[in-house]
Number of protein chains: 2
Amino acid sequence: MAEKKYPRISFREKIKDIKNNVEKASQKTLDIYRNAIKVLQGKNEKTAEKIIESSERMDDILYGVEKACINLIATEQPLASDLRFIESCIKIGTHLKRVGYLSADIAEAVAEMKGKEKKIPKKIREDILHMADYTEMMLSKAIYSFLDQNSEMAEELDKDDDKVDDLFDKSLEHIAESISKVKNKESIYCLLRLILIARYLERIADQAVSIGHRTVFMVRGKRAEREESA
Amino acid sequence: MAEKKYPRISFREKIKDIKNNVEKASQKTLDIYRNAIKVLQGKNEKTAEKIIESSERMDDILYGVEKACINLIATEQPLASDLRFIESCIKIGTHLKRVGYLSADIAEAVAEMKGKEKKIPKKIREDILHMADYTEMMLSKAIYSFLDQNSEMAEELDKDDDKVDDLFDKSLEHIAESISKVKNKESIYCLLRLILIARYLERIADQAVSIGHRTVFMVRGKRAEREESA
């Protein structure tokens, strides 16, 4: 069998396979996130349940990636940079999964507003959608830099995250202001849900940062300052 | 060298080492959580920064565990149940880390209330501390069942989590009620922080559930229904 004669070729094929599956899972994660944001914008009929279903389906792909990585480590004892890549693929699955579930949380929180989300003050709506855009950019950047092994790009994510933190603080302030003027209990409930949504977005940005730190570690072989913040 | 003559003995030693370190990290995680709750109760002088520092120190232990696990897989090709245990030790680190950082988030949110937390309505205070107790019980149960490979106990965590979800919904309702009566902007700000704290507690409970699912998988060799929900 060719596999026995040329073990390194088979090894490369297996690594390529893993990379393809991580790419597939990353793309699906981005889709899930974008669908959740469409729900938030009121542009999408996809219910929270459908989004939860897609993130659960993604679990299977990621579980397969994890098994393939462990098997490859056990059977081929890869060294140095290959090993770091394979380890990172195990870890990145956890981050992608969390982005999926946090996206489902966003869609669920919108569903719990029961149509009242249209009454959200314009300023707050803009804050949140601005955060969502910024977070999407970070997520794309994180995934791209991981797949492309681009540690410079990955490093930008720490600064990007400061911006999302600022946006979070700003929306919290605006929501607090708005709540103090509102009498109606339902509107208050809606605004409280919005705080949670802002937090989910911030957590998704945190996942992007963690993917960035993993990328730096994978490329340079040493850990980033604070590897995981979420 | 004894290590070459009796490789399986050395293998058992290494597995024991990993287990000890996971136990140490678990204990530290529980301590960090309990310190954060003391901050919340106003009983502890430990600042959020100290809690963040301890969770960062824990990163080093967990990073060591991860490396030891990967090395063991690469050099000894463990099979079946050993492999599942080692894989699970890689994964459990992620959950412990998140519990540490979420605990730091709790302490930070309390700090942001700047002493105003004493003015929180009694009912809401009780809700949150009840959630905190319940979450601590879940965390202990998750860690104990993992270390003791007790899948029956691990399975109870799904039901426990429903209870925490109910407590979360209840506190959200009480906070919304309370906010509608409050005029002062600072008190509103405090109550908003409390919502975030309730969410952090719920997320810590989610981590306990994930550890439970990992435990079931480790013991029985098949995945739990929904492996990771946080």
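Keep in mind that what you see is a predicted model, and the values were worked out from it rather than measured. (Residues numbered from 1 in each chain as written. Chains lettered and ligands numbered in written order. Predicted model: local features only at pLDDT ≥ 70, side-chain atom pairs only at ≥ 80, totals over all residues. Heavy atoms only, no water.)

Asker: How would you sum up the interface of chain A and chain B? Please name residues and give values.
Answerer: Residue-level contacts link 48 residues of chain A with 48 residues of chain B. At the boundary of chain A with chain B, total buried surface from both sides reaches about 4700 Å², with 57% on carbon and sulfur atoms. Connecting chain A to chain B are 8 salt bridges. Between Arg203 of chain B and Asp105 of chain A there is a salt bridge, and its shortest N-O distance comes to 2.5 Å. Remark: the boundary between chain A and chain B carries 13 residue pairs in polar contact (both at pLDDT 80 or more). Per-element tally for the side of chain A that touches chain B: the top contributor is helix H7 (residues 185-220) of chain A, with 12 residues. (Contact = heavy atoms within 4.5 Å. Buried area = accessible area lost by both parts, 1.4 Å probe. Salt bridge = Lys/Arg side-chain N within 4 Å of Asp/Glu carboxyl O. Polar contact = N/O pair within 3.5 Å; in protein donor to acceptor, adjacent residues only side chain to side chain. Helix = DSSP H or I, 4+ residues; strand = E, 2+ residues; numbered from the N terminus.)

Asker: With reference to specific residues and values, describe a positive patch on the surface.
Answerer: Residue and element names in this part refer to chain A. A grouping of Lys24, Lys28, Lys38, Lys43, Lys46, Lys50 and Arg57 is seen on the molecular surface, where their side chains present a positively charged patch. Sorting the residues of the positive patch by element identifies helix H2 (7-41) and helix H3 (48-76) as the ones contributing at least two each. Of the residues forming the positive patch, the biggest block, 3 residues, is contributed by H2. Looking at the secondary structure, you find Lys46 in the loop between H2 and H3. (Patch = residues over 30% accessible without salt bridge, like charges linked within 9 Å, V, L, I, M, F, W, Y side chains within 5 Å. Areas by Shrake-Rupley, 256 points an atom, 1.4 Å probe, with all protein chains shown as cover. Lys, Arg positive; Asp, Glu negative; His and termini not counted. Charge placed at Lys NZ, Arg CZ, Asp CG, Glu CD.)

Asker: Kindly report on the relation of the copies chain A and chain B, identifying the contributing residues and their values.
Answerer: For the pair chain A and chain B, the superposition axis carries a translation of 0.0 Å, the fit reaches an RMSD of 0.0 Å, and the rotation angle comes to 180°. Between the two chains, the operation in question is that of a two-fold axis. Relative to the rotation axis, the C-alpha of Ala74 of chain A is the closest in chain A, positioned 2.4 Å from it. (Least-squares fit on C-alpha atoms with pLDDT ≥ 70 in both.)

Asker: How would you sum up the UniProt feature "domain: PhoU" (unreviewed entry) in chain A? Please name residues and give values.
Answerer: According to UniProt, the feature "domain: PhoU" (unreviewed entry) maps to residues 23-110 and 128-214 of chain A in the numbering used here. Helix makes up 93% of residues 128-214 of chain A and strand makes up 0%, while its end C-alpha atoms are separated by 28 Å. (UniProt positions renumbered as here; feature names shortened; annotations may be inferred.)

Asker: Lay out the environment of Leu40 of chain A with the relevant residues and their values.
Answerer: All names here are of chain A. On the secondary structure map, Leu40 appears in helix H2. With a relative accessible area of 8%, Leu40 lands in the buried category. For the pair Leu40 and Ile197, spaced 157 residues apart in the sequence, the C-alpha separation amounts to 9.2 Å. Beyond its immediate stretch of four places on either side in the chain, Leu40 contacts Val110, Arg125, Ile128, Leu129 and Ile197. (Buried < 20%, exposed > 50% of the residue type's maximum accessible area, 1.4 Å probe, protein only.)

Asker: Now, about the packing of helix H4 (residues 80-112) of chain A against helix H5 (residues 122-147) of chain A: what can you tell me, with residues and values included?
Answerer: Residues and elements named next belong to chain A. Between H4 and H5, whose axes approach to 13 Å, the crossing angle comes to 165°. Looking at the two axes, H4 sits roughly antiparallel to H5. As H4 packs across H5, the resulting crossing turns out to be left-handed. Facing Ser88, Cys89, Ile92, Leu96 and Val99 of H4, the residues of H5 in contact are Leu139, Ile143 and Phe146. (Axes fitted to C-alpha atoms, helices over the stretch in contact; angles between N-to-C directions. Parallel < 35°, antiparallel > 145°, perpendicular 65-115°, else oblique. Left-handed = near helix turned anticlockwise from the far one by under 90°.)

Asker: I'd like to hear about the side chain of Ser103 of chain A, residue by residue, with values.
Answerer: Residue and element names in this part refer to chain A. Among the secondary structure elements, Ser103 is positioned in helix H4. Polar side-chain contacts of Ser103 include one of 2.7 Å to the backbone oxygen of Val99. Setting aside residues up to four positions removed in sequence, Ser103 forms contacts with Ile32, Tyr33, Ala36, Ile51 and Ile204.

Asker: Give a description of the confidence of the model for chain A that names residues and reports values.
Answerer: The predicted coordinates of low-pLDDT regions are not to be read in fine detail. Residues and elements named next belong to chain A. In this model, chain A carries an average pLDDT of 86, and 92% of its residues clear a pLDDT of 70 or more. For chain A, per-element mean pLDDT is lowest for helix H1 (residues 2-5), which scores 48, and highest for H5, which scores 95. Between residues 226-230, whose pLDDT stays under 50, and residues either more than four places distant or in other chains, the model counts 25 contacts. For this predicted complex, the interface confidence comes out at an ipTM of 0.71, alongside a pTM of 0.82. (pLDDT = per-residue confidence, 0-100.)

Asker: For a negative patch on the surface, give the residues involved together with the corresponding values.
Answerer: Taken together, the side chains of Asp158, Asp162, Asp166, Asp169 and Glu173 of chain A present a region of like negative charge at the surface. The topology assignment puts Asp162 of chain A in helix H6 (residues 151-181).

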